[in-house]
Amino acid sequence: MTVELEPLFVERCIEALLFAAAEPLSDVDLAKRLPEGADIAAGLAALRARYEGRGIELVEVAGRWRFQTANDLSFLMTEEREEPRRLSKAAQETLAIVAYHQPVTRAEIEAVRGVQASRGTIDVLLELGLIRMRGRRRTPGRPVTFGTTDAFLEHYGLANLGDLPGIAEMKAAGLLEMNLPPGFNVPDPLGLRASEDEDPLDLEDGETPEFAQDFLGEPEKAETP
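Worth saying up front: this structure is predicted, and the values here are computed from it rather than measured.

(A) Layout of the overall build of the chain. A count of helical and extended segments in the chain gives eight helices and six strands. Put simply, the chain runs from its N terminus to its C terminus through helices and strands in the order α-α-α-β-β-α-β-α-α-β-β-α-α-β. Here the chain holds 225 residues, and the buried ones make up 37% of them. Total accessible area on the chain is roughly 13900 Å²; 50% of this is exposed by carbon and sulfur atoms.

Right under this line is the structure:
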């Protein structure tokens, strides 16, 4: 027999778990800790409303929940230090192509950009954990396909791929200044699933390196047009 739990009790439990967690928690993570019958969705909604407009807010990032400082108070957390170098223009364009056209191969990235893709550019994005090797295309040569990661969503503050800005906004930001080919569309929010012409890629390690902001824009080899 399932015991009906008080909504406030469930809300307080979720609040305690999220405050104590070292990383964001998903609904599944919360369900493992909470008593059976807890309405997690209602608890999260109530908690989010309770913290709305406060110094700390409840946000969803990459399908997981965490408390973070309100955006308008971020200036309180700043400190003087040497600013890390940003991703190069080539890396930004490559990352945008992967995000909007995944799963995508190196050859397809080159076709969109109109220049040969530097191995250094792809390696930097893989090292930072912003993209991952996700499968092999069912075509001659079995080329590796690339897609974005949860670290990509977390870094740009996106709940899922459906929250990506439109292509016009990307062009305005200077990330898509090339001529896009036919069929270049904003992805399905579930775009990380395997496509019909792609086989999953089995890696021994299975994980990409943890994202580190200070490594943004590591020097890379020059690309040849």
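The rest of the description comes next.
(B) Up close: the pairing of strand β1 (residues 56–61). Sheet topology places β1 next to strand β2 (residues 64–69); six bridges connect them, and they run antiparallel. By the bridge assignment for β2, glutamate 57 is matched with glutamine 68.

(C) Representation of the pattern of salt bridges in the model. Throughout the structure, instances matching the rule amount to four salt bridges. Between glutamate 93 and arginine 113 there is a salt bridge, with the nearest N and O atoms lying 2.9 Å from each other. In this pair, glutamate 93 is assigned in helix α4 (residues 89–101) and arginine 113 in helix α5 (residues 106–113), connecting sequence segments 20 residues apart. Under the relative-accessibility criterion, glutamate 93 is labelled buried at 11%. By relative accessible area, arginine 113 is classed as buried at 17%.

(D) The arrangement of the environment of isoleucine 97 in detail. Along the chain, the position of isoleucine 97 falls in helix α4. Each C-alpha atom, one on isoleucine 97 and one on arginine 113, is 8.5 Å from the other, the two residues being 16 residues apart in sequence.

(E) Quick peek at helix α3 (residues 40–51). Taking 1.5 Å of rise per residue, twelve residues should cover 16 Å, and α3 covers 16 Å from first to last C-alpha, within 8% of that figure. Every buried residue belonging to α3 is among Ile40, Gly43, Leu44, Leu47 and Tyr51, and all of these are buried. Taken down its axis, α3 places every buried residue within 95 degrees of arc, on the same side. Note on α3: the residue one or two positions beyond its end, glycine 53, has a positive phi of about 85 degrees.

(F) Summary view of the sheet that holds strand β4 (residues 131–137). Ordered by their spatial adjacency, four strands build an open sheet running β3-β5-β4-β6, and the pairing between neighbours is antiparallel. Where the open sheet ends on each side, the last strands, each with one partner, are β3 (104–105) and β6 (198–200). Contacts from α4 reach β3, β4 and β5 (144–148) within the one sheet, and its direction differs from that of β5 by about 90 degrees.

(G) Quick look at the environment of glutamine 92. Within the element layout of this structure, glutamine 92 appears in helix α4. Remark: the alpha-carbon pair of glutamine 92 and threonine 121, spanning 29 residues in sequence, is separated by 9.3 Å. Only 3.0 Å separates the side chain of glutamine 92 from the backbone oxygen of leucine 87, close enough to count as a polar contact.

(H) The nonpolar core, seen in detail. Membership of the largest hydrophobic core comes to 28 residues, with the highest contact counts inside it found for Leu87, Ile131 and Phe152. Of all the elements in the fold, those that place two or more residues in this core are β1, α4, α5, α6 (119–127), β5 and α7 (150–155). Ranked by residues supplied to this core, first place goes to α4 with six residues. What phenylalanine 152 contacts, discounting residues up to four positions off in sequence, is Leu95, Ala99, Gly129, Leu130, Leu158, Leu161 and Leu164. In terms of nonpolar packing, the next biggest core, distinct from the first, is built from 15 residues, Cys13, Ile40, Leu44 and Leu58 among them.

(I) Representation of a nonpolar patch on the surface. A grouping of Phe75, Leu76 and Met77 is seen on the molecular surface, where their side chains present a nonpolar patch of about 350 Å² in accessible area. For leucine 76, the location among the structural elements is in the loop between β2 and α4. The class for leucine 76 is exposed, based on a relative accessible area of 53%.

(J) Representation of the environment of leucine 58 in the model. Looking at the element boundaries, leucine 58 is found in strand β1. Residue leucine 58 is classed as buried on the basis of its relative accessible area, which comes to 3%. Considered as a pair, leucine 58 and alanine 45 are 13 residues apart in the sequence and their alpha carbons are 9.4 Å apart.

(K) Local environment of the packing of helix α1 (residues 7–20) against α3. At a minimum axis separation of 9 Å, α1 and α3 run at an interaxial angle of 75 degrees. Classified by the angle between their axes, α1 and α3 sit roughly perpendicular to one another. Here Leu8, Glu11, Ile14, Glu15, Leu18 and Phe19 of α1 come into contact with α3, specifically with Ile40, Gly43, Leu44, Ala46, Leu47, Arg50 and Tyr51. Tallied by class, residues from the contact of α1 with α3 come to nine nonpolar, one polar and three charged.

Parameters at a glance
Numbering of residues starts from 1 in each chain and follows the order in which that chain's sequence is written. Per-residue local features of the predicted model are confined to residues with pLDDT of at least 70, and side-chain atom pairs are confined, for both listing and counting, to 80 or more; whole-chain, interface and lining totals are unaffected and use all residues. Computation of side-chain values: all heavy atoms of the structure, hydrogens and water removed. Helix and strand definitions follow DSSP, with helices as H or I runs of at least four residues and strands as E runs of at least two, each counted in order from the N terminus. Categorising residues by exposure relies on relative accessible area from a 1.4 Å probe, with only protein chains included: less than 20% of the type maximum marks a residue as buried, more than 50% marks it as exposed, and the intermediate range marks it as partly exposed. For every accessible area listed, the method is Shrake-Rupley and the probe measures 1.4 Å; residues are considered covered only by the protein chains on display. The criterion for strand pairing is that DSSP finds at least two bridges linking the strands in question. The term salt bridge refers to a pairing of a side-chain nitrogen on Lys or Arg with a carboxyl oxygen on Asp or Glu at a separation within 4 Å. Multiplying 1.5 Å by the helix residue count minus one yields the expected span of that helix. The reported arc concerns the directions from the helix axis to the C-beta atoms and nothing else. Contacts between residues were defined by any pair of non-hydrogen atoms, one from each residue, lying within 4.5 Å. Only C-alpha atoms enter the line fits that serve as axes; for helices the fit covers just the stretch in contact. Angles between N-to-C directions range over 0 to 180 degrees. Polar contact criterion, stated in full: a pair of N or O atoms within 3.5 Å, where within protein one must be able to donate a hydrogen and the other to accept it, and residues adjacent in sequence count only if both atoms are side-chain atoms. Here, the term nonpolar core denotes a set of buried Ala, Val, Leu, Ile, Met, Phe, Trp, Tyr and Cys residues that are joined through side-chain atoms within 4.5 Å. Residues forming no salt bridge and having over 30% relative accessible area are the ones grouped into patches, like charges within 9 Å of each other and nonpolar side chains (Val, Leu, Ile, Met, Phe, Trp, Tyr) within 5 Å. Geometric relationships in this document are graded by angle, where less than 35 degrees denotes roughly parallel, more than 145 denotes roughly antiparallel, 65 to 115 denotes roughly perpendicular, and other angles denote oblique. Under the scheme applied, nonpolar residues are Ala, Val, Leu, Ile, Met, Phe, Trp, Tyr, Cys and Pro; charged residues are Asp, Glu, Lys and Arg; polar residues are all the others, including Gly.

Purely spatial values, then, with no claim about function.
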